[in-house]
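Examining the three-dimensional arrangement
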Amino acid sequence: MAYKPLPPEELYTPCPTNRLTFKTTNDLIPLSTMVGQDRAVAAVHFSIGMDNDGYNLFALGPEGIGKATLIRQNLKEASATCPVPDDWCYANNFNNPQKPIALRLRPGRGQALRADMEQLIDELKSAIPAVFESDEYRNRKNAIEEEFSAQREKDFAELRKDAKSRGVALIRTPLGLAVAPESNGEVIDNAKFKTLPNKEKTKRKAALEHIENKLEAILHGIPKLEKELREKIRELNREVTALAVDHLIEDLKLKWNDEKDIARYLPTVREDVLENANDFLAQPEQMQMGGPIILSPGRHTTTGQSLFRRYHVNVVIDNSDLEAGARVVEEDHPTQPNLIGRIEHMSQFGTLITDFNLIRPGALHRANGGYLVLDARRLLMQPFAWETLMRTLRAGNIRIESPYESLGFTSALSLEPEPIPLKVKVILTGEPIIYYLLSRFDPDFRELFKVAADFNTEMDRDEDSAMLYARLIASDVKKGSLLPLNRLAVARVIEYGSRLAGDSEKLTAHMSSVVGLVREAVFCAKEDGKKTVTADHVQRAIDAKIYRSDRIRKYIQDEIKNGTLLIETEGARTGQINGLSVIQLDDFSFGRPSRISCTARLGRGEVVDIERQIEMGGPLHTKGVMILSSFLGSRYARETPLSLNASLVFEQSYSGVEGDSASSAELYALLSALSNIPIKQSLAVTGSVDQMGRIQAIGGVNEKIEGFFDVCNARGLDGSHGVIIPTANIRHLMLRQDVIEAAKSGKFNIYAIATIDDGMEILTGVPAGSWDEKMKSYSIGSVNHAVESQLKTFAKNASDTMRLQFLNTGTPR
């Protein structure tokens, strides 16, 4: 039967310009919604609207699909209706400085609290020295000290009186007080004491021992008296300090009485000031020396200003700039410190020290009460960042820790800030493979990210979508203050969208590519000095984009043209065919023909894939080759063994081969080798085949056709050249204009087939042949009959060989 090539109108589906009811994009209303992403939009709305824990969002789709744009639009609207989040501050924990406390304040009040605390310290610097310099304080302190002195003098006076009555003198020495016997006011020395009667000696020794005991008791009681003195002075100092502090603290309590955390914090400030009033009495020159000032055990500083750091308030979350709504934070460098905050250090005397004033917030702090957007790939690339985010979301609070702590190490001085409660909606964006891997291997991910926004890569092409495309272009033109496009230019962009989708009935949803083409077309128009972008400018932009990327394609075409890569485009060969493959380079792909050859001989029913034997063939390609054996057995060897050995190879292939789109071409080469019927080399073939001999659709059909067309066109088209494709791929055709023009003139033909038999008839010019039920054979003179005959000959020869071996050796082989 005669097979007709596809008519030119089926090779390309133009955009009907009569349905574009505008002159230029300036006449259109810009599009404010996403195109072709209804499912993703619904998922985003659902996730944002769910207040329950775990309904965070993962937006999956390729880069440039519009994920970020859609998310920003929806979060901008949703965040505007949210309440303004609270402020958060860190303050000193006076009971345990290593564990700073978190203070929660109503929105915008953090800076006010910090200013009030600074003002309080400034006032205390004046008020406390003033009360300590007052006459009342001095008089009361002097009274306490005089009372102590009087008590001490009284004790010593009584001791001296008793000593005198007993003939004992109190002597002051460099080592302290000592006792000695005396007589008539003079100390008795040792020589004279020895001359005294024994009775007198005994009496005087008893007197000395008595006075020594009383002296020792008095001396032992002095530290107790001094302690009582210090306690009384301390109580006096606290009482006097309270006079200066209490009214100031009470004023702050009254001002901040509606903040529970402040109500708990201010009493601790008062208590610390009362305990450390001496800090406010330091001399100015001492405070400016720069040397260490010992405050109390475990506390020291270098300057007078830092002496009062413990009373400062560190505002880590300040929402004073928000009049309404919550924040939307996009963290483009999601390291662990950038997520949960960090604790900085400063060097002092060669040692790194820190305090609560050096706590710095992270993205989760800034987004608290709002929304946080992260790139999943960047997040996973940062050490500890993923685990930290999962743990924080699971715990519901932000706990600041350093990477060293995550590793089990400790830094020079570590803090353990009180965790801050977290309420945030996290949106992750990334490739689908990342989402599916996380869902498979991370149980926490499934619990915490229950909503997936799956972005389409394509959408239906119809009149409505064409107008949406036009409005999308109008939006970009308006946003970027670009030149407008006329409707013919818009139509060409729509056709380009179908080409990117690889389907004449679809449009790509990869808006970054569409917008990029529009801007490049505007550039071409500006070069021409035009005020409107035309279809010619769009085509020039497409051609320029291809030209920038097709160096390797041009190299391969030149290698074919000069004969380095052997591709025949005329004549006929047995067991050889032109297959077609696609090479993908980033966002540019192109087709190239590949010479496939096959040899067949007597054997054990094996079809050997040489690519697989040397581990250059992928699993899908191997599957396609294995299908060939099944096809041969089911069609030609139902009642006899399949006694052949065939080898298939991609000639001059120096890289891996993957995919089953060449399986039909390999089958044609195998049938040609078995039937000894040559195949026309002016034709190339693409398509996969099933076990029944049906041709199945493949990808990259446009690139494959154009790749073989370029080779034939460079050598000269004569009307015999063409490509055979699966019928199922007709809808995917959006070929280049030069290919269509060649098809119109009959110089290049594209055939669509549904079965292997159709392809063999086109490739060989010989009827495929049908099964004759009466003859139990295929029709004589057909390709199938020739294959069947050859296989039967192989089977007979194999049987004869086995019989002969059995007769000679007695053992079948």
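Use the structure listed above.
From a predicted model like this one, the values you see are computed outputs, not experimental measurements.

1. Quick look at the nonpolar core
Within the largest apolar cluster, 57 residues are counted, with the highest numbers of intra-cluster contacts made by Leu485 and Val533. If one sorts the elements of this core by residue count, helix H18 (residues 511-527) sits on top with eight residues. Counting 41 residues, the second largest nonpolar core, distinct from the first, contains Cys598, Leu628, Leu642 and Tyr668.

2. What to know about the packing of aromatic side chains
Enumeration over the complete set of coordinates arrives at 17 aromatic pairs. With centroids separated by 5.8 Å and ring planes inclined at 80 degrees, the aromatic side chains of phenylalanine 46 and tyrosine 55 adopt a geometry described as edge-to-face. Judged by its relative accessible area of 22%, tyrosine 55 is partly exposed. Each residue in the set Phe58, Trp386, Tyr435, Tyr436, Phe445 and Phe449 is aromatic and connected to the rest through ring pairs, giving one cluster. Geometry around phenylalanine 441 places arginine 440 over its ring, the cationic atom sitting 5.1 Å from the centre.

3. A short note on a nonpolar patch on the surface
A grouping of Ile433, Leu437 and Phe441 is seen on the molecular surface, where their side chains present a nonpolar patch of about 340 Å² in accessible area. Mapping isoleucine 433 onto the fold places it in helix H14 (residues 432-441).

4. Quick word on helix H20 (residues 551-561)
Three- or four-residue spacings in an α-helix give side chains the same orientation, since the helix completes a turn every 3.6 residues. Turning to H20, its buried residues number three or more, namely Arg553, Ile556, Gln557, Glu559 and Ile560. The buried side chains of H20 occupy one side of the element, clustering within an arc of 160 degrees when seen end-on. Pointing more than 90 degrees away from the buried face of H20 are the exposed residues Arg551, Tyr555 and Lys561. At its buried positions, H20 is contacted by helix H19 (535-549), strand S23 (576-585), strand S24 (588-602) and helix H24 (701-715). Phi turns positive, to about 90 degrees, at glycine 563, one or two residues after H20.

Thresholds applied
Residues numbered from 1 in each chain as written. Predicted model: local features only at pLDDT ≥ 70, side-chain atom pairs only at ≥ 80, totals over all residues. Heavy atoms only, no water. Core = buried A, V, L, I, M, F, W, Y, C linked by side-chain atoms within 4.5 Å. Buried < 20%, exposed > 50% of the residue type's maximum accessible area, 1.4 Å probe, protein only. Helix = DSSP H or I, 4+ residues; strand = E, 2+ residues; numbered from the N terminus. Phe/Tyr/Trp six-rings, centres within 6.5 Å; stacked < 30°, edge-to-face > 60°. Lys NZ or Arg CZ within 6 Å of the ring centre and 35° of its normal. Patch = residues over 30% accessible without salt bridge, like charges linked within 9 Å, V, L, I, M, F, W, Y side chains within 5 Å. Areas by Shrake-Rupley, 256 points an atom, 1.4 Å probe, with all protein chains shown as cover. Salt bridge = Lys/Arg side-chain N within 4 Å of Asp/Glu carboxyl O. Arc of directions from axis to C-beta. Contact = heavy atoms within 4.5 Å.

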